[in-house]
Amino acid sequence: VKNDVRELEQRVQEAEQRLRKLFEASLEGFGVHEGGLILDVNDTMTTLFGYARAELIGRGVLELCAPEDRDLIAAHIAAGDDRPYEVRAVRKDGSTFPGLVRGRSFDYGGRTLRVTAIQDLTEARRALAAMRAVEQRLQTVVANAPIVLFAIDAAGEYLVCEGRALAALGIDGQSLVGRNAADVWRGDERILANVRRCLDGEEFTSSGPLRDAWLETHFVSMRDGDGKVAGAIGVAVDMTERRRAEEERAQLLAQEQAARAAAEQAQRRSSLLAAASRELAATLEYEDTLRVVPRAAVPAMADWCVFDVVEEDGTVRRVGVVHADPAKAALAAELARFVPDPAAPEGVPRVLRSGRPATYGGLDDAALQPDGDGWPPIGTRRPEHLSLVRALGLRSYMCVPVVARGRTLGALTFVSATDPARYGADELALGEELAHRAALAVDSARLYRAAQEAIRARDEFLSIASHELRTPVGSLQLAVQSLLRGVRTGSIAHTPRGFITNALETMERQSKRLVQLVESLLDVSRISAERLELDLADVDLAAVAREVADQHAGEAVRAGCTLEVHAPAAAVGRWDRARLEQVVSNLLSNALKYGAGKPVRVSVDLAGATARLEVRDHGIGIPAPRQARIFERFERAVSSAHYGGLGLGLYIVRRVLNALGGSVRVASEPGAGATFVVELPCAGPPAGAVASSPGPP
Amino acid sequence: LSTSESLPAGNRCVFVVEDDADAREMLSQVLALEGYFVVAAANGREALEHLRRGAQPCVILIDLMMPVMNGWEFRSEQVRDPDLAGIPLVVISGDGGIDQKAASVGADGWLRKPIDLDTLLATVERYR
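Because the structure is predicted, anything quoted here is derived from the model rather than measured. (Residues numbered from 1 in each chain as written. Chains lettered and ligands numbered in written order. Predicted model: local features only at pLDDT ≥ 70, side-chain atom pairs only at ≥ 80, totals over all residues. Heavy atoms only, no water.)

Now for the pattern of salt bridges. This model, assessed by the stated rule, comprises 56 salt bridges over all chains. Across the pair Glu547(A) and Arg577(A) runs a salt bridge, and its minimum N-O distance is 2.6 Å. You can see Glu547(A) sitting in helix α17 (residues 541–551) and its partner Arg577(A) sitting in helix α19 (residues 577–594), a full 30 residues away along the chain. Of the charged contacts, one joins Arg52(B) and Asp81(B) as a salt bridge, the two residues approaching to 3.6 Å between their closest N and O atoms. On the criterion of sequence distance, the pair formed by Arg52(B) in helix α2 (residues 44–52) and Asp81(B) in the loop between α3 (71–80) and β4 (89–93) is long-range, its members being 29 residues apart. Linked by salt bridges that have partners in common, Arg20(A), Glu24(A), Asp40(A), Asp43(A) and Arg53(A) make up one network. (Salt bridge = Lys/Arg side-chain N within 4 Å of Asp/Glu carboxyl O. Helix = DSSP H or I, 4+ residues; strand = E, 2+ residues; numbered from the N terminus.)

Before going further, it helps to spend a moment on the pairing of strand β5 (residues 111–120) of chain A. All names here are of chain A. Looking at chain direction, strand β1 (residues 29–34) and β5 are connected through five bridges and run antiparallel. From the neighbouring strand, histidine 33 faces β5, where its bridge partner is arginine 114. The pairing of strand β4 (residues 96–108) with β5 spans ten bridges and is antiparallel. Following the sheet pairing, aspartate 107 is matched in β5 by threonine 112. The turn linking β4 back onto β5 is made up of two residues, and glycine 109 within it adopts a positive phi angle of 60 degrees. (Pairing = 2+ DSSP bridges.)

In this section: the nonpolar core. Generally speaking, soluble globular proteins have nonpolar side chains that are buried together. All names here are of chain A. Within the largest apolar cluster, 51 residues are counted, with the highest numbers of intra-cluster contacts made by Trp575, Leu587, Leu613 and Phe676. For this core, the element with the highest residue contribution is α19, accounting for seven residues. Beyond its immediate stretch of four places on either side in the chain, leucine 587 contacts Leu613, Val615, Leu650, Val653, Phe676 and Val678. By size, the runner-up hydrophobic cluster in this structure holds 33 residues, among which are Met301, Cys305, Ala439 and Val442. (Core = buried A, V, L, I, M, F, W, Y, C linked by side-chain atoms within 4.5 Å. Buried < 20%, exposed > 50% of the residue type's maximum accessible area, 1.4 Å probe, protein only. Contact = heavy atoms within 4.5 Å.)

Residues and elements named next belong to chain B. The strand order β2-β1-β3-β4-β5 describes an open sheet built from five strands, whose pairing is parallel. Across the chains shown, the open sheet's two edge strands, defined by having one partner strand only, are β2 (37–41) and β5 (109–112). The sheet shows a mean angle of 20 degrees between the axes of neighbouring strands, taken without regard to direction. Bridge count for β4 against β5 is four bridges, and the pairing is parallel. When the sheet's bridge partners are listed, isoleucine 92 is paired in β5 with leucine 111. Against the sheet, α3 contacts β3 (59–63) and β4, and its axis sits at roughly 150 degrees relative to β3. (Axes fitted to C-alpha atoms, helices over the stretch in contact; angles between N-to-C directions.)

So, about the interface of chain A and chain B. Listed as interface residues are 28 residues of chain A and, on the opposing side, 34 residues of chain B. Here chain A meets chain B over a buried area of about 2600 Å², counting both sides, of which 54% is carbon and sulfur. One can count five salt bridges joining chain A with chain B. In this structure, Asp20(B) engages Arg513(A) in a salt bridge whose closest nitrogen and oxygen atoms are separated by 2.6 Å. Where chain A packs against chain B, one counts 13 residue pairs in polar contact (both at pLDDT 80 or more). Only α15 (425–489) and α16 (497–528) of chain A provide two or more residues apiece to the side of chain A that touches chain B. Sorting elements by how many residues they give to the side of chain A that touches chain B places α15(A) first, with 14 residues. Residue composition of the side of chain A that touches chain B, by class: eight nonpolar, 15 polar and five charged. (Buried area = accessible area lost by both parts, 1.4 Å probe. Polar contact = N/O pair within 3.5 Å; in protein donor to acceptor, adjacent residues only side chain to side chain. Nonpolar A, V, L, I, M, F, W, Y, C, P; charged D, E, K, R; others polar.)

This is how it looks when you write it as structure tokens:
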């Protein structure tokens, strides 16, 4: 028995030790108290409160908590309440810590004991606070980040939708939770497709518009433990501002590039035009000016440039072909031999006809082939002309008219040998500006040439007038001096009578010649000033012709001409007799002068209401190119080195006839004489045409 | 006036080459009145024809601006012919710059229209 007791005791001891160890090993503080006085504590309790075990045993439990919690503890003990509660525990050193207390009362051999566990909540509290802080921060971040954070389950239902960016979209994130994306975004195929892709397990970023905003959304699939897609998470960033800024930047960049391009273009234009103006201003000589014009365009505006000029007589002359490639200079010079075909529907002829520019592009060798009846889109269809153009190279070109004072002076052709679309609106405007400057220069050069010509003609006229005046004055002077000498020396008594008569007649003729010369000069002055006065009356042209022919009889004899007048019938019209005499006299003098030694015939006839006067000689004649000019002031058909005269006779004839409503023309062959034909309406000048004429009542 | 058929040689023969009939006539007559034998021609060709028939004037008075053959053309024909090249030539003209024109044809002298009678006689006298 003793052994059994001992064994039992031993077992009890062992059990007690096990319990004790368990009691001690607990992380919680344990204490057993009875009636509020501590009976036992474990080591954890001593550590928690900083007391030795002995100090705690026998101590009242209420001493271990803050005074304000003692009533609560007492109430729990009294009530035997075993629900956990928190108190502020007080350590031996007076410091406190939050403690979670749980007590249970039990009966121990009739005694009511209470076991109390206390757990230090300091760390837990700290962790909780920390966790709360993290949560708070996360919530703050999500709520304030300029994003939308959302999660959708595998069925497409919203689990979460948060973020400050929602406000800008006008979406209430909370209201989406529980709704299906398919319902929320019904009709927005882009968003629905993204949701499907993500629920299919794809990770991607998509950007696109939503309402007034632009979102960039990163989609990530949520997966469960087995790796199966359980939903989708999306983070959408509101890129609206950034996109707007980017757009603005792109717009600004584009504007800046456009402005720079425009500035460069303007710079290019102005420097090209300035250079052209400088070159054009460097000369007033017509031919030099024509040569400068196409040079100004190459190479800045064209690989090669052609200038076709319309001369004052209407003929088209190709004055310059300039090529940027010196190796093609010879070919370019070759092209200058070809003048555009006036019949061509396109190219230079069209521009010269219309006075409007034309541009042509997308041309290739095939377009420049002679093609039967058709016309290639340039101003020719001659095979050799076309092959030359192909050799020079032509892919596109523009042709602009050179216009000054409303007249088309020519056309400038700018050619690109390589670019099939070189000439757009800008190039055309530049071409027209260059053509405008060229036109001013060409017009100035023509005016300068005309002025030079006028000055030359005036100088020549002065020289001729001096000669013409001095000749009769010379004869007059010799006659006078000769007679005077005879009178002074007394030799006049022996001077043959014939000589004296001759001298006096010479003097008379020279006086008349001088008066006529002066009259001619005055007529020119009157005609120039439009002050030709007409004294209109009924005049018989046949009678005038006969009388004037009689007056020229002596002159005809001296010239060795027979003078025949054929005026069988009267030809009466309302004309100025003196002026008509002047017309016949001038024509007859010319005929005798240039047809010396050959017969001269004057005839008058009437054709209806028009009188016709013809003066025909068989003299040297007038070459065709000069026929149009002989009626101009100071002009003559032949060199003044051979024939004298003021060069005014035919000019006066034409102007007088114009004033009388009539006309004069010439038919002539060099060496075969000339026939001047005058036509005069018998009714006289049209009403109002002779405003300055006093006229008979 | 004179005809080419009976042209006397000698130092009192003067050629007047002038296209203006009045001027030609007046010059011829005043010179004839002073005892000169005058051969008148209306242009260079006529003058050349007279010379080639043997006329030998002491001086040729010639206008430059004439039809058919002008003074310059006449002069170049004259100097090309050794028989005629030595005959003195005096240019008569109403133009300005007569001195230069005279020099341009290599003339021996010039008379400007209107010609003063005394100057005319003194000039011709120089070549007798």
